[in-house]
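Understanding the architecture of this molecule
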Amino acid sequence: TKLRTKIFGEKVHKFSYKDLSKMGVIVNSEVPSISRGRTRFYITTPEPGMFEVEAKITGLSVAKMQIDLEDLLEKKENNITELDLGQVTLDVNMTIHLINKTFLAA
């Protein structure tokens, strides 16, 4: 379930691990199975085309990542299907779809 809140004036979009996995955004993970139910991802866009992702388990920040939309689009054009962020691997097309639907749709 997605929850929209505001932190320091930035719109924050919250997704559960389960939601992102079900949507096909997360395709591989080293997050322990026992922690996945308590894992949430908070996504903000501090500047156009840049997305900050913060992973929290039971409210504690465990990782921060940046995703550049240009890099994603370049990967898609080069038929690179996955984006490795360390603990999780994202599907490039589904991540672009999520960004478009969440941040770019009017």
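Look above for the structure.
Keep in mind that what you see is a predicted model, and the values were worked out from it rather than measured. What you see as residue numbers is a count from 1 along each chain, following the sequence as written. pLDDT decides what is reported in this predicted model: residues at 70 or higher carry local features, side-chain atom pairs at 80 or more are listed and counted, and totals for whole chains, interfaces and linings draw on all residues regardless. Side-chain figures throughout are based on the complete set of non-hydrogen atoms in the structure, without hydrogens or water.

Let us now look at unusual backbone geometry. For T58, which is not a glycine, the phi torsion comes out positive at approximately 50 degrees. The way it works is that DSSP assigns letters per residue, a run of H or I at least four long becomes a helix, a run of E at least two long becomes a strand, and they are numbered from the N terminus. Among the secondary structure elements, T58 is positioned in the loop between β5 (50-57) and β6 (60-68). The phi torsion at N79 lies on the positive side, around 60 degrees, for a residue other than glycine. We call a residue buried when its accessible area falls under 20% of the maximum for its residue type, exposed when it is over 50%, and partly exposed in between, using a 1.4 Å probe and counting protein chains only. On the basis of relative accessibility, which here comes to 67%, the residue N79 falls in the exposed class.

Another point: helix α4 (residues 92-104). Within α4 the residues assigned to the buried category are V92, T95, I96, L98, I99, T102 and F103. Down the axis, α4 shows its buried residues gathered within 160 degrees of arc, on one side only. The opening residue of α4, the one whose side-chain oxygen lies 3.1 Å from the backbone nitrogen of N93, is D91. The directions considered for the arc run from the helix axis to the C-beta atoms. Polar contacts, as counted here, are pairs of nitrogen or oxygen atoms within 3.5 Å of one another; within protein the pair requires one atom able to donate a hydrogen and one able to accept it, and residues that are adjacent in sequence qualify only if both atoms are side-chain atoms.

The next thing to look at is the packing of helix α3 (residues 69-77) against α4. Packed helices, taken two at a time, are described by the angle their axes make and the gap between the axes. Between the N-to-C directions of two axes lies an angle of 0 to 180 degrees, each axis being a line fitted to C-alpha atoms and, for a helix, fitted only over the stretch in contact. At their nearest, the axes of α3 and α4 sit 10 Å apart, and the two run at 140 degrees to each other. Accordingly, the angle class assigned to the pair α3 and α4 is oblique. Judged by the twist between their axes, the crossing of α3 over α4 is left-handed. Along its contact with α3, which presents L69, L72, L73, K75 and K76, the element α4 presents V92, N93, T95, I96, I99 and L104. Taken together, the residues of the contact of α3 with α4 break down into seven nonpolar, two polar and two charged. Geometric relationships in this document are graded by angle, where less than 35 degrees denotes roughly parallel, more than 145 denotes roughly antiparallel, 65 to 115 denotes roughly perpendicular, and other angles denote oblique. Each helix crossing is assigned a hand: it is left-handed if the near helix lies turned anticlockwise from the far helix by less than a right angle, otherwise right-handed if that turn is clockwise. By definition, residues are in contact when any of their heavy atoms lie within 4.5 Å. The classification used treats Ala, Val, Leu, Ile, Met, Phe, Trp, Tyr, Cys and Pro as nonpolar, Asp, Glu, Lys and Arg as charged, and all other residues, Gly among them, as polar.

The rule is short: rings of Phe, Tyr and Trp, with Trp giving its six-membered ring, pair when the centres are within 6.5 Å, and they are stacked under 30 degrees, edge-to-face over 60, tilted in between. According to the stated counting rule, one finds two aromatic pairs in the structure shown. For a lysine, the NZ atom is tested; for an arginine, the CZ atom; a charge sits over a ring if that atom is within 6 Å of the ring centre and within 35 degrees of the ring normal. A cation sits over an aromatic face here: K56 above Y42, 4.9 Å from the ring centre.

Looking at the secondary structure, you find Y42 in strand β4 (residues 39-47). What Y42 contacts, discounting residues up to four positions off in sequence, is V12, H13, K14, E52, V53, E54 and K56.

Along the polypeptide, A55 turns up in strand β5. Placed 10 residues apart in sequence, A55 and M65 show a C-alpha to C-alpha distance of 8.4 Å. Apart from residues lying up to four places away in sequence, A55 is in contact with R40, F41, L60, S61, V62, A63 and M65.

For the rest of this paragraph, the subject is α3. N-capping of α3 is provided by D68, with a side-chain oxygen placed 2.9 Å from the backbone N of E70. Looking one or two places after α3, you find N79, whose phi comes out positive at around 60 degrees.

It is worth spelling out the pairing of β6 at this point. Two strands are counted as paired when DSSP detects at least two bridges linking them. Two strands pair when backbone bridges link them, and β5 and β6 are joined in this way by eight bridges, in the antiparallel orientation. Bridging across to β6, V53 finds its partner in M65. If you look at the hairpin formed by β5 and β6, you'll find two residues sitting between the two strands, and T58 has a positive phi there, around 50 degrees.

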